[in-house]
Structures are given as structure tokens and as C-alpha cells.
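Residues per chain, in single letters:
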Amino acid sequence: NFARYDFVFCEDEIRLESENGIVEFLENNAPEFKRKLVKWEHFNRNFKYYFDNDCWELIRLSGTEPVFRVFAEFESDDEARTNIEILRGHIQNIK
């Protein structure tokens, strides 16, 4: 018997004044999420963070403006939004 999970998909954006240094910052500074981070990947203009129970969060740099699109799939809407806010706070630490 398998446990049933209702995953919530959440989308948001993070606006910044500039995209300078964002990719390098994210490559060298992992956010401190509340859920255990299993692994993360950087591909093209994307960073994807994987958590236990098949939860994930993807951050994608627009390429045309200093905006990140954030997609998250977690077991609840609250957890998805909490992790988006953690990522937002982390990115706002870019100097």
C-alpha cells in the first residue's frame, strides 16, 4: 500500500533590479530550506531543487528581463509558498 499525496503546484516570480551575479550566486550558495534538500541541478538558465517525497522547486531566469519564474510542487499550498518565500529571501541577499 502506498501513501497518497496531494501535491500543489505553485508559480510565482521574483523581480530584481539586475540579473548580474545571480547565476554565480546560486551556484555557490544553496538556500536553507526547511525541508531536507536531496540534490540540486543547474541547467541552462534554470536551477532545480529536489526534496524528499518527490517535492521540487524550479527557478528559471527569464533572459529578457531581470525576473525569475519560480515553480514549486509540494504536499500543500502553504509549504509551496513558504519555500518560494525562502528562495525569494535568499536571492534578495545578492549583492
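All values reported here derive from a predicted model rather than from experimental measurement. (Residues numbered from 1 in each chain as written. Predicted model: local features only at pLDDT ≥ 70, side-chain atom pairs only at ≥ 80, totals over all residues. Heavy atoms only, no water.)

To continue, consider the environment of leucine 58. Structurally, leucine 58 can be placed in strand β4 (residues 56-61). The class of leucine 58 is buried, set by a relative accessible area of 17%. If we skip the residues at most four places from it in the chain, leucine 58 touches Phe43, Asn46, Phe47, Lys48, Arg69, Val70 and Phe71. (Helix = DSSP H or I, 4+ residues; strand = E, 2+ residues; numbered from the N terminus. Buried < 20%, exposed > 50% of the residue type's maximum accessible area, 1.4 Å probe, protein only. Contact = heavy atoms within 4.5 Å.)

Counting residues in each nonpolar core, the largest one holds 20 residues, and the members touching the most others are Leu26, Tyr49, Ile59, Phe68, Leu87 and Ile91. Sorting the residues of this core by element identifies α1 (22-28), β3 (46-51), β4, β5 (67-74) and α2 (77-91) as the ones contributing at least two each. If you tally residues by element for this core, the top one is α2, at 5 residues. (Core = buried A, V, L, I, M, F, W, Y, C linked by side-chain atoms within 4.5 Å.)

For the rest of this paragraph, the subject is the packing of aromatic side chains. Using the criterion set out here, one finds 5 aromatic pairs in the structure. Judged by centre distance (5.3 Å) and plane angle (45°), the ring pair of phenylalanine 51 and phenylalanine 74 falls under tilted. One end of the pair, phenylalanine 51, is in strand β3; the other, phenylalanine 74, is in strand β5, with 23 residues separating them in the sequence. With a relative accessible area of 0%, phenylalanine 74 lands in the buried category. (Phe/Tyr/Trp six-rings, centres within 6.5 Å; stacked < 30°, edge-to-face > 60°.)

Attention shifts here to the side chain of histidine 90. For histidine 90, the position within the fold is in helix α2. Judged by its relative accessible area of 11%, histidine 90 falls in the buried class. In terms of polar contacts, histidine 90 uses its side chain to reach the backbone carbonyl oxygen of asparagine 29, at 2.6 Å. Contact partners of histidine 90, with chain neighbours within four places excluded, come to Phe25, Leu26, Asn29, Ala30 and Pro31. (Polar contact = N/O pair within 3.5 Å; in protein donor to acceptor, adjacent residues only side chain to side chain.)

The next subject is α2. Taking 1.5 Å of rise per residue, 15 residues should cover 21 Å, and α2 covers 21 Å from first to last C-alpha, within 8% of that figure. Within α2 the residues assigned to the buried category are Glu79, Ala80, Asn83, Ile84, Ile86, Leu87, Arg88, His90 and Ile91. (Expected span 1.5 Å × (residues − 1).)

With that out of the way, let us pick up unusual backbone geometry. For asparagine 44, which is not a glycine, the phi torsion comes out positive at approximately 50°. Mapping asparagine 44 onto the fold places it in the loop between β2 (37-43) and β3. Residue classification places asparagine 44 among the exposed positions, given a relative accessible area of 71%. Phi is positive for asparagine 53, close to 60°, though the residue is something other than glycine. Mapping asparagine 53 onto the fold places it in the loop between β3 and β4. By relative accessible area, asparagine 53 is classed as partly exposed at 36%.

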